[in-house]
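# Observations on the three-dimensional arrangement
Single-letter residue listing:
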Amino acid sequence: MSTATIRNVLRGDGDRFVYVVSALAALNGLLFGFDTGIISGAFLFIQDSFVMSPLVEGIIVSGAMAGAAAGAAVGGQLADRLGRRRLILIAAIVFFVGSFTMAVAPTVPVLVAGRLIDGVAIGFASIVGPLYISEIAPPHIRGGLTSLNQLMVTTGILLSYFVNYAFADAGAWRWMLGAGMVPAVVLAIGILKMPESPRWLFEHGRKDEARAVLKRTRSSGVDQELDEIEETVETQSETGVRDLLAPWLRPALVVGLGLAVFQQITGINAVIYYAPTILESTGLGSVASILATVGIGTINVVMTVVAIMLVDRVGRRRLLLVGVGGMVATLAILGTVFYLPGLSGGLGIIATISLMLFVSFFAIGLGPVFWLLISEIYPLSVRGSAMGVVTVANWGANLLVSLTFPVLTDGVGTSATFWLFGLCSLVGLLFVYRYVPETKGRTLEAIEDDLRQNISLAD
């Protein structure tokens with residue numbers, strides 16, 4: 001790409017500028033994924049540095065989830081009040097502080113504090129990344145670009161596995177945790193080149209700025225889109241957070257909360273956080289288990305790319321049905337494999353392959369489509385706050401799974417635990433079939449108009 005072309009893209013050249021801006025915003029997802037995945041390997045060596053009870057061990061692993069729930073609880077309102085762009089900058093700064101605190105932690109309480117700080121940034125990022133991209137992207141590529149955030153989440157997880165493996169021989173967990181400072185700096189610098197969301201600008205009376213951003217991010221149809229945004233803003237001028245419980249908004253709230261919970265209770269983050277532990281039970285050593293998680297992380301990234309290629313062609317709903325259906329099948333197989341004796345032999349290979357297939361089906365369905373849908377189905381005036389409520393539910397379910405997975409496997413066994421996840425996935429499949437809408441190719445204003453006219457989202 002020539003220097004002149006790069007200048008044109010940064011000034012704004014339709015879809016090309018949108019791709020650049022969306023890629024920068026998606027770095028939120030990379031930080032999100034990196035800081036959730038890095039603990040899986042680092043924790044194997046943290047135990048050698050501090051004397052900890054099982055309860056403290058659980059607090060260290062799940063501390064980021066608690067912080068993420070807190071960050072998500074206020075992140076939506078901050079996104080509505082301060083703007084999407086400013087919250088991205090705040091998230092980058094908080095990421096840096098959290099990673100630095102963990103890297104230099106002299107005691108367990110300081111380490112836990114670092115995990116909590118990192119978690120707050122994860123909570124911010126999980127809201128503002130997909131929210132910003134969905135509002136700045138044109139309808140015909142919105143699905144793929146918003147799903148780019150999930151691709152960066154999976155890339156961040158894979159990157160964390162590589163970092164874990166690189167420092168595994170030395171047991172350098174501080175370097176593992178501190179590595180998160182690097183992408184945080186990149187995001188903070190990148191935000192300086194990003195415009196604010198045109199919808200947020202318009203809602204806050206900055207119409208000329210909104211028009212300017214749309215001209216930079218659209219090849220045509222700027223006036224028509226501005227008219228649609230204006231009509232929506234006027235219609236919802238008195239809409240507030242309390243209106244999330246209003247009858248006309250209830251279907252969207254049910255869809256968001258349902259998908260938020262099912263994304264977690266189907267077991268994906270039990271695999272992400274405890275993959276080395278699960279693989280060790282198949283006979284692999286610590287370093288080999290960390291290396292094997294690189295394979296799982298790679299599958300996660302590849303299948304997320306597949307989802308991005310399909311989401312604006314096949315549609316959100318169909319990808320969810322295929323993805324969740326595949327999760328039901330693979331969890332049934334995993335439960336059976338762990339139920340049978342001789343796991344370290346041929347059954348261990350089947351277990352590893354089934355684990356990869358489970359991650360694959362998640363990566364084409366619940367992984368990216370959940371974040372995409374919740375950025376699409378809520379009205380502009382409460383979009384950030386609504387995503388905050390839904391994301392809090394998501395992180396709450398994540399926290400529950402991460403805390404209970406070791407207890408479940410110890411109490412009822414690994415096989416029964418996977419079967420339980422499979423049952424949750426089956427219920428989730430029925431939920432998707434009954435309630436989840438198709439939003440492919442529709443403007444955000446048209447989706448909101450259906451809600452206001454009491455047209456079923458699932459129709």
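Treat the numbers as computed from the prediction; the structure is a model and nothing was measured. (Residues numbered from 1 in each chain as written. Predicted model: local features only at pLDDT ≥ 70, side-chain atom pairs only at ≥ 80, totals over all residues. Heavy atoms only, no water.)

## So, the overall build of the protein chain
The helix and strand inventory of the protein chain stands at 21 helices and zero strands. Expressed as a percentage of the 459 residues in the protein chain, the buried residues total 58%. Within the protein chain, contacts between residues separated by at least 24 positions form 82% of all contacts whose residues are at least 6 apart in sequence. Entry remark: accessible area of the protein chain is about 17300 Å², with carbon and sulfur atoms responsible for 66%. (Helix = DSSP H or I, 4+ residues; strand = E, 2+ residues; numbered from the N terminus. Buried < 20%, exposed > 50% of the residue type's maximum accessible area, 1.4 Å probe, protein only. Contact = heavy atoms within 4.5 Å. Areas by Shrake-Rupley, 256 points an atom, 1.4 Å probe, with all protein chains shown as cover.)

## A look at the confidence of the model for the protein chain
Put simply, the protein chain has an average pLDDT of 80, and 86% of its residues get 70 or more. Low pLDDT (under 50) marks residues 1-13, which in the prediction has 13 contacts with non-local residues, meaning those over four places away or in another chain. (pLDDT = per-residue confidence, 0-100.)

## Structural notes on the pattern of salt bridges
Inspection of the entire model under this criterion finds five salt bridges. A salt bridge links E135 to R84; its shortest N-O distance comes to 2.8 Å. Here R84 lies in helix α5 (residues 84-104) and E135 lies in helix α6 (residues 108-136), a separation of 51 residues in the sequence. Judged by its relative accessible area of 0%, R84 is buried. Here E376 makes a salt bridge to R316, at a shortest N to O gap of 2.6 Å. Here the residue E376 occupies a position in the loop between α18 (366-374) and α19 (383-411), and R316 occupies one in helix α16 (residues 316-339), the gap between them amounting to 60 residues. No difference in accessibility class separates E376 from R316, as the two residues are buried. Here the residues in one salt-bridge network are D80, R84 and E135, joined through shared partners. (Salt bridge = Lys/Arg side-chain N within 4 Å of Asp/Glu carboxyl O.)

## Some details on the packing of aromatic side chains
Applying the stated rule across the entire model yields seven aromatic pairs. On the basis of an interplanar angle of 45° and a centroid distance of 5.5 Å, the ring pair of F262 and F431 is categorised as tilted. On the criterion of sequence distance, the pair formed by F262 in helix α13 (residues 250-265) and F431 in helix α20 (residues 414-435) is long-range, its members being 169 residues apart. Of the residues examined, F431 reaches a relative accessible area of 11% and is grouped as buried. Measuring from centroid to centroid gives 5.7 Å for Y339 and W419, while their planes differ by 40°, and the two rings are tilted. Taken together, the residues span a long stretch of sequence, with Y339 in helix α16 and W419 in helix α20 at a distance of 80 residues. Residue Y339 is classed as exposed on the basis of its relative accessible area of 59%. Ring pairs connect the aromatic residues F262, F431 and Y435, which therefore count as one cluster. (Phe/Tyr/Trp six-rings, centres within 6.5 Å; stacked < 30°, edge-to-face > 60°.)

## What about helix α11 (residues 207-217)?
Each α-helix winds once per 3.6 residues, and so residues spaced three or four apart point in a common direction. Buried within α11 we find A210, V213, L214 and T217. Buried residues of α11, viewed axially, fall in a sector of 100°; they line one side. Exposed residues on α11 whose side chains face more than 90 degrees from its buried face are D208 and K215. (Arc of directions from axis to C-beta.)

## Describing a nonpolar patch on the surface
Taken together, the side chains of L89, I93, F96, V97, F100, V104, V185, I189 and L192 present a nonpolar region at the surface, about 780 Å² in accessible area. Broken down by element, the residue count for the nonpolar patch peaks at six residues, all from α5. Structurally, F100 can be placed in helix α5. Relative accessible area serves as the criterion here: at 44%, F100 is assigned to the partly exposed category. (Patch = residues over 30% accessible without salt bridge, like charges linked within 9 Å, V, L, I, M, F, W, Y side chains within 5 Å.)

## Section: empty space enclosed by the protein
Counted by the stated rule, this structure contains one cavity of 30 Å³ or more. By volume, the largest cavity is sized at about 200 Å³. Along its surface, the largest cavity is lined by 18 residues, and F32, Q150, V153, N269 and F362 are the ones closest to its centre. (1 Å grid on protein atoms, 1.4 Å probe; cavity = no way out; pocket = protein on both sides within 12 Å on 5 of 7 lines; lining within 4 Å. Points joined across faces, edges and corners; volume = space filled by probe spheres on them.)

## Re the environment of E209
For E209, the location among the structural elements is in helix α11. Taking the C-alpha atoms as reference points, E209 and E196, separated by 13 residues in sequence, lie 8.8 Å from one another. At 2.9 Å, the side chain of E209 and the side chain of R206 are in polar contact. (Polar contact = N/O pair within 3.5 Å; in protein donor to acceptor, adjacent residues only side chain to side chain.)

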